[in-house]
Amino acid sequence: MILISLASVILLSSCGMKDAPQNSEEVNKKQPTTTEVTEKDKDKEDELTLAAAFFNEIEEVNGERIITNPDNIAVKVNQEARLPDEYRPEDLVEVDVPFMYETTDERNMLREEAAKALEQLFAAAEEEGYQLYAVSGFRPFSRQQMLYNQAVENQGKDQELVAMPGHSEHQTGLAMDVATDALTEEFGLTSEGIWVAEKAHQYGFVIRYPKGKEEITGYQYEPWHLRYVGKKVAADLVAYDYTLEEYFENVKKM
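Calculation notes
Residues numbered from 1 in each chain as written. Predicted model: local features only at pLDDT ≥ 70, side-chain atom pairs only at ≥ 80, totals over all residues. Heavy atoms only, no water. Helix = DSSP H or I, 4+ residues; strand = E, 2+ residues; numbered from the N terminus. Buried < 20%, exposed > 50% of the residue type's maximum accessible area, 1.4 Å probe, protein only. Areas by Shrake-Rupley, 256 points an atom, 1.4 Å probe, with all protein chains shown as cover. Core = buried A, V, L, I, M, F, W, Y, C linked by side-chain atoms within 4.5 Å. Salt bridge = Lys/Arg side-chain N within 4 Å of Asp/Glu carboxyl O. pLDDT = per-residue confidence, 0-100. Contact = heavy atoms within 4.5 Å.

**Digging into the overall build of the chain**
A tally of regular secondary structure across the chain gives eight helices and 10 strands. In the chain, which comprises 254 residues, the proportion classed as buried is 44%. For the chain, the accessible area works out to roughly 14,500 Å², and carbon and sulfur atoms hold 48% of it.

**Topic: the nonpolar core**
Leu118, Leu121, Phe122, Met176, Phe205 and Leu226 are the most contacted members of the largest nonpolar core, which has 38 residues in total. Elements with a contribution of two residues or more to this core: helix 3 (112-127), strand 6 (133-136), strand 7 (175-179), helix 5 (191-199) and strand 9 (222-228). The greatest single-element share of this core, amounting to eight residues, is contributed by helix 3. Leu48, Val229, Phe248 and Val251 belong to the second-largest nonpolar core, a separate cluster that totals 15 residues.

**Remarks on the pattern of salt bridges**
Summed over the entire model, instances satisfying the criterion amount to 11 salt bridges. Notably, a salt bridge pairs Arg82 with Asp85, separated by 1.9 Å at the nearest N-O pair. Accessibility expressed as a relative area gives 7% for Arg82, which makes it buried. Judged by its relative accessible area of 40%, Asp85 falls in the partly exposed class. A salt bridge links Arg208 to Glu245; its shortest N-O distance comes to 2.7 Å. Taken together, the residues Arg208 in strand 8 (residues 205-209) and Glu245 in helix 8 (residues 244-250) connect sequence positions 37 residues apart. Like Arg208, the residue Glu245 is buried in the burial classification.

**Topic: the confidence of the model for the chain**
Mean pLDDT over the chain: 85, with 82% of residues reaching 70 or higher. The model gives residues 1-42 a pLDDT under 50, and that stretch makes 25 contacts with residues more than four places away or in other chains.

Here it is, written out as C-alpha cells:
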C-alpha cells in the first residue's frame, strides 16, 4: 500500500526573412487593423455560452453561500460556495480502473457519468503506453471534516491543501485524484502527467487547480486532481485557458 502524505502536495524559431511587400497596399491587405483584431476577439467571446442549468443556484444561510443544485455536472464548488452538509450523489458507482491501493470503499466511487468517462480516459492512456492509478474519488462530508482537521493540526489554519468540509469537490462525486506514484507536483512533469494535462478535456475532465492560477482557485497547484465537467465545458476551459472561476465570470447564460 502506498502512503500519500498530505505534506507532499504542494521556438523561438529563426525564420528566414521574406521579401518585402511591393507597396503599402499589400501591407494593408496582410496586416489586420487593431479594430479587426478587437472585433474578432469580441466575436470569440460572444460564442462562449452555457445553458442556465449549469450555473450555481445559491441560497445564503447564516452567512454561508449554499449551492442548492449540487447535482449540476458543472457545479462550481470553491472557498466561496459550498455544498449542503448532507449532500451525497444518488448515482455513485464504483469506477473500473486500477487503484493505487487495494480496498473497496467510497473512494473508489464517482457519479455514473464521470465514472464512465474516467474509464475511457484510463483505457486511452493505457493504449498509448501510459499507466495511471486512481487514488481518491468520492468523499463524504464527514471524511472531509476529518482530513481538514488533520491538515490544520499538521500545517496550520493557512494550509491550502485540504478544503474545508462542504467546500471539497470530492463530495460532488465528480473529482478523482490520479497519479503514478504519489500525489505530488512532480506528477505534472511525468510523461503520464503531461498526457493527462493534454488529453483529459477530450473525456470531459480538467485539471481543476492549474499552475499559475493559485490566487484564483484558492488552492495550490494539483496536477493530480481531475474534475469532470463534461466535454463542452472542458473544451471551453482549455480553449480559453480558464479555471471554473474565470469561466463563470465570462460565459453567457442561455
